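Observations on the three-dimensional arrangement
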Amino acid sequence: MQVKKAVLPVAGLGTRFLPATKSIAKEMITVVDKPVIQYVVEEAVAAGVREIVLVTHSAKRSIEDHFDVNYELEAELERRGKVKLLETLKSIIPADVCVVAVRQGKALGLGHAVLCARDVIGDEPFAVLLPDVLIDNEEQKNNDLANMIQRYEENNHAQIMVAPVPNELVNQYGVVALKAEAPKAGESKAMTAVVEKPPVEKAPSNLAIVGRYILPPEIFSMLAETKPGAGDEIQLTDAIATLIDQQAVDAYSMTGKTYDCGSKLGYLQATLAYALRHPEVGSGFADLIKQYQ
Ligand code: G1P
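Okay, so let's go over this structure. (Residues numbered from 1 in each chain as written. Predicted model: local features only at pLDDT ≥ 70, side-chain atom pairs only at ≥ 80, totals over all residues. Heavy atoms only, no water.)

A few points about the site of the ligand
Close contacts around the ligand come from Leu110, Leu130, Val133, Tyr173, Gly174, Glu196, Lys197, Ile209, Val210, Tyr213, Gln235 and Thr237, and that covers them all. Lys197 is positioned with one of its side-chain polar atoms (N or O) 2.6 Å from an oxygen atom of the ligand. Notes on the ligand: free accessible area 380 Å², of which the protein chains cover 74%. Here the ligand occupies the largest pocket. If you tally residues by element for the shell around the ligand, the top one is strand E11 (residues 207-215), at 3 residues. Along the lines of polarity and charge, the residues of the shell around the ligand split into 7 nonpolar, 3 polar and 2 charged. (Near = heavy atom within 4 Å. Polar contact = N/O pair within 3.5 Å; in protein donor to acceptor, adjacent residues only side chain to side chain. Areas by Shrake-Rupley, 256 points an atom, 1.4 Å probe, with all protein chains shown as cover. 1 Å grid on protein atoms, 1.4 Å probe; cavity = no way out; pocket = protein on both sides within 12 Å on 5 of 7 lines; lining within 4 Å. Sits in = over half its atoms within 2 Å of the grid points. Helix = DSSP H or I, 4+ residues; strand = E, 2+ residues; numbered from the N terminus. Nonpolar A, V, L, I, M, F, W, Y, C, P; charged D, E, K, R; others polar.)

What follows is the structure in structure tokens.
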């Protein structure tokens, strides 16, 4: 079955990026000239997703507004003959893509956030994209999410994107166990277990979940039964651990780069990478940073 829907859990508080995120949604912080969330939506759309389900919070309305029509602004740009800007605004969401928002009233964890999208997703496989993480596939011909969807559509195995992290960081991630060695970049292999934020001495590997998932609809009944785990939150990782007992679940090894835009340094790194190749400001920016070396 085709994967046409994606869940983007955007209700999180963004405490790692305070004070910037006191009154601005962390997903609305800009990398060069677009909010982080727009890159993530573009990644999903490029992979063939046609329905974006934002799981959001009352304090984060600006995210929904960004993907809605701003009629006043468009009319004003039209009146002033600003055709290019108008096009930029209209192309934020292609005409055949829809954005739906559901609320996560209580901050009970990532697993709970995904469960909030159950009625909108229904009985279909779907993608989950964590909005803090930018996946940069500039140097590849396919995006990693598209590869994962293709893999799911071939064999119906859930696909979980992973990448190696230094041992001292495994306690910040979901960490997977595999039967044999890690899959090569762009390939998948069956997982035997997964554990959320293990202490380094208990981590089954150094392969961390990056924040992209292709999941079957059966995950919802498992999420509904999942008790709070690490950090006293309902963890998506714990429901995936249950799924592994019933269905094949693959770890997909990413080909691109990741930037953690929920952290200050990760965000700065993304800004450097995306600014240097930006068609409008790239060469000016390259000149500019020479002055700071
Ligand atoms: C979440 C997931 C974790 C994953 C991580 C990737 O954790 O629970 O399994 O490895 O995202 O960024 P969080 O960073 O929200 O604590």
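Let's pick the thread back up.
Observations concerning the packing of aromatic side chains
Counted by the stated rule, this structure contains 4 aromatic pairs. A centroid spacing of 5.4 Å and a plane angle of 75° characterise the contact between Phe17 and Tyr267, whose relative ring orientation is edge-to-face. Linking Phe17 in the loop between strand E1 (5-9) and strand E2 (30-31) with Tyr267 in helix H10 (residues 264-276), this pair joins segments that are 250 residues apart in sequence. For the pair shown, Phe17 and Tyr267 are each scored as buried. Ring geometry for Phe126 and Phe220: centres 5.0 Å apart, planes at 10°, overall stacked. Of the two residues, Phe126 is situated in strand E6 (residues 126-129) and Phe220 in helix H8 (residues 219-225); the sequence distance between them amounts to 94 residues. In this structure, Phe126 and Phe220 share a single accessibility class: buried. In textbook terms, an aromatic cluster arises when at least three aromatic residues are bridged by ring pairs, as seen for Tyr39, Tyr259 and Tyr274. The residue whose ring lies beneath Lys34 is Tyr39, and the NZ or CZ to ring-centre distance is 4.7 Å. Sitting above the plane of the Tyr274 ring, Arg277 keeps its charged end 4.5 Å from the centroid. (Phe/Tyr/Trp six-rings, centres within 6.5 Å; stacked < 30°, edge-to-face > 60°. Buried < 20%, exposed > 50% of the residue type's maximum accessible area, 1.4 Å probe, protein only. Lys NZ or Arg CZ within 6 Å of the ring centre and 35° of its normal.)

Let's talk about the nonpolar core
Of all hydrophobic cores here, the largest spans 47 residues; its most connected members are Leu8, Val31 and Leu134. With 7 residues, helix H1 (residues 36-46) is the single largest residue contributor to this core. Apart from the residues within four sequence positions on either side, Leu8 is in contact with Ile37, Val40, Val41, Ile52, Val53, Leu54, Val55 and Leu129. Counting residues in each nonpolar core, the second largest holds 33 residues, with Val102, Tyr213, Ala239 and Ala251 among its members. (Core = buried A, V, L, I, M, F, W, Y, C linked by side-chain atoms within 4.5 Å. Contact = heavy atoms within 4.5 Å.)

Topic: the layout of surface pockets
Size it by volume and the largest pocket reaches roughly 1500 Å³. In this structure, the largest pocket is lined by 50 residues; those nearest its centre are Arg16, Lys26, Leu130, Asp132 and Lys197. Elements with a minimum of two residues in the lining of the largest pocket: helix H5 (110-115), strand E8 (158-164), E11, helix H9 (236-246), strand E13 (257-260) and H10. Ranked by residue count, the leading element in the lining of the largest pocket is E11, at 5 residues. Split by residue class, the lining of the largest pocket holds 25 nonpolar, 17 polar and 8 charged. Computed from the structure, the second largest pocket encloses a volume of approximately 390 Å³. Along its surface, the second largest pocket is lined by 16 residues, and Lys34, Tyr39, Glu42, Tyr274 and Arg277 are the ones closest to its centre. Going through the elements one at a time, H1 and strand E7 (133-136) are the ones with two or more residues in the lining of the second largest pocket. Of all the elements, H1 adds the most residues to the lining of the second largest pocket, at 4 residues. (Points joined across faces, edges and corners; volume = space filled by probe spheres on them.)

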